[in-house]
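# Descriptive analysis of the structure
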Amino acid sequence: MKTNILGINFHTVDQKEALNQLRIFLREDKNHMLFTPNPEMVMKARDNAEFAKILNSGDLVVADGIGIVIASRFNGTKLKERVAGCDLIQKLFENINHELSVYLLGAKKGVCEIAKQNIESKYKNVKVIGFHHGYFKKENEPDIINEIRQLKPDVLLVGLGMYRQEKWIYDNKDILPVKISAGIGGSIDVFAGEVKRAPQIYQKLGLEWFYRVLKQPSRIIRLGALPKFMFLVICRYFKRKGMKV
Ligand code: UDP
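Residues numbered from 1 in each chain as written. Predicted model: local features only at pLDDT ≥ 70, side-chain atom pairs only at ≥ 80, totals over all residues. Heavy atoms only, no water.

Bringing the side chain of aspartate 64 into the picture now. Position of aspartate 64 among the secondary structure elements: in the loop between β4 (60-61) and α4 (66-72). A polar atom in the side chain of aspartate 64 sits 3.1 Å from the side chain of arginine 82. Each residue touching aspartate 64, except ones within four places of it in the same chain, is listed here: Thr36, Pro37, Asn38, Arg82, Val83, Ala84 and Gly85. (Helix = DSSP H or I, 4+ residues; strand = E, 2+ residues; numbered from the N terminus. Polar contact = N/O pair within 3.5 Å; in protein donor to acceptor, adjacent residues only side chain to side chain. Contact = heavy atoms within 4.5 Å.)

Side chains of strand β1 (residues 2-5) alternate between two faces, with Thr3 and Ile5 buried and Lys2 and Asn4 left unburied. Note: β1 against strand β2 (residues 8-11), four bridges, orientation antiparallel. Its bridge partner lying in β2, isoleucine 5 is registered against isoleucine 8. Linking β1 back to β2 in an antiparallel pair, the connection comprises two residues, with leucine 6 at a positive phi of about 45°. (Buried < 20%, exposed > 50% of the residue type's maximum accessible area, 1.4 Å probe, protein only. Pairing = 2+ DSSP bridges.)

What follows is about the sheet that holds strand β5 (residues 100-106). Strand order in this open sheet of six strands is β4-β3-β8-β7-β5-β6, and the pairing throughout is parallel. Edge positions in the open sheet fall to β4 and β6 (126-132), since each of these has one partner strand only. Pairing analysis gives four bridges linking strand β7 (residues 155-159) to strand β8 (residues 180-183), with the strands arranged parallel. Across the sheet, valine 158 pairs through a bridge with glycine 183, a residue of β8. Sitting on the sheet, helix α6 (residues 111-122) is in contact with β5 and β6, with an inclination near 175° to β6. (Axes fitted to C-alpha atoms, helices over the stretch in contact; angles between N-to-C directions.)

So, about the site of the ligand. In the vicinity of the ligand there are 17 residues, among which Gly134, Tyr135, Arg164, Asp189 and Arg222 approach most closely. A distance of 2.7 Å separates an oxygen atom of the ligand from a polar atom in the side chain of arginine 164. Measuring from an oxygen atom of the ligand, one finds a backbone N or O atom of glycine 186 at 3.4 Å. Relative to its unbound accessible area of 550 Å², the ligand is 79% covered by the protein chains. (Near = heavy atom within 4 Å. Areas by Shrake-Rupley, 256 points an atom, 1.4 Å probe, with all protein chains shown as cover.)

On to the nonpolar core. Grouped together as the largest cluster of nonpolar side chains are 37 residues, with contacts concentrated most on Phe10, Leu105, Leu156, Trp168 and Phe229. The residues touching tryptophan 168, leaving out its near neighbours within four places in the chain, are Leu105, Phe136, Glu141, Ile145, Ile148, Leu156, Leu160 and Leu176. (Core = buried A, V, L, I, M, F, W, Y, C linked by side-chain atoms within 4.5 Å.)

The next subject is the layout of surface pockets. In this structure, the second largest pocket occupies an estimated 370 Å³ of space. As for the second largest pocket, its lining consists of 14 residues, of which Gln15, Glu81, Arg82, Asp87 and Gln203 are closest to the centre. Sorting the residues of the lining of the second largest pocket by element identifies α5 (85-95) and α10 (200-204) as the ones contributing at least two each. Top element by residues in the lining of the second largest pocket is α5. It accounts for four residues. (1 Å grid on protein atoms, 1.4 Å probe; cavity = no way out; pocket = protein on both sides within 12 Å on 5 of 7 lines; lining within 4 Å. Points joined across faces, edges and corners; volume = space filled by probe spheres on them.)

Along the polypeptide, glutamine 90 turns up in helix α5. Judged by relative accessible area, glutamine 90 falls into the buried class, the value being 18%. Setting aside chain neighbours within four positions, we find glutamine 90 in contact with Tyr123, Val190 and Phe191.

If a strand is regular, its side chains alternate between the two faces of the sheet. Residues His32 and Leu34 line one face of strand β3 (residues 32-35) and the alternating positions Met33 and Phe35 line the opposite face, and both faces are buried. When β3 meets β8, the two strands line up parallel, connected through three bridges. Along β8, the bridge assignment pairs methionine 33 with serine 181. In this structure, β3 lies alongside β4, joined through two bridges in parallel fashion. Residue leucine 34 lies in a different strand from β4, and its bridge partner there is leucine 60.

A word on the packing of helix α3 (residues 49-56) against helix α8 (residues 164-172). Contact geometry of α3 with α8 gives a least axis separation of 10 Å together with a crossing angle of 65°. For the crossing formed where α3 meets α8, the hand is left-handed. Packed against α3, whose contacting residues are Glu50, Phe51, Lys53, Ile54 and Leu55, the element α8 presents Glu166, Lys167 and Tyr170 at the interface. Split by residue class, the contact of α3 with α8 holds four nonpolar, no polar and four charged. (Left-handed = near helix turned anticlockwise from the far one by under 90°. Nonpolar A, V, L, I, M, F, W, Y, C, P; charged D, E, K, R; others polar.)

Okay, structure coming up:
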């Protein structure tokens, strides 16, 4: 089942169901796209029809942001919980009972190497068989694509920042022989220990965004989209109820 938040269709799954879906994807011979939009991405997609089309073509689209979960409460079909991309991938790594090959694409130079070491020492069944930093030029792209085509990883994690990563996954989905391509934002930094996740208490209270702003005050600009997002969600709710807004 899906629920539509300002034009983007989210699958109404909790983390466990999302994980099961990823397991199914791994058994199928097809490149499945996993997207994890937050309110900022939904707002960008309102102004960018191509981005909306890309997100809506995802094989699994989960809510990476408490704002999305709250917004779904104004819909007939509610989202059960936030499913952060980083948590979902960690759960997949933790629970996989056969060898899983992974390619990392994204983050600054040198970060993927540390992420690879950390991932392989923490998750015994996961092998990072290739990686490339995320600050490549257009002319280097064919080499990266060729490498992924040769290595055929099960999972391709793409952390190039929102929009760019989803577009990259979408543009290359038919030529990459992988089972899952996931847009994962700053998760490679998290695997490398460059960026710390918020403590559990912040995550439970839906305040991870607040913790990230405390740690990196420049992110406050990115929260600018949030009040407008909530305003539009509420307006749409009242309109559906037949009230004038
Ligand atoms: N990044 C990248 N190439 C770029 C811009 C960003 O590889 O041209 C990486 C950046 O180093 C970071 C991730 O993309 O690892 C974006 O992290 P952020 O938490 O900002 O994710 P977002 O919220 O934009 O998805």
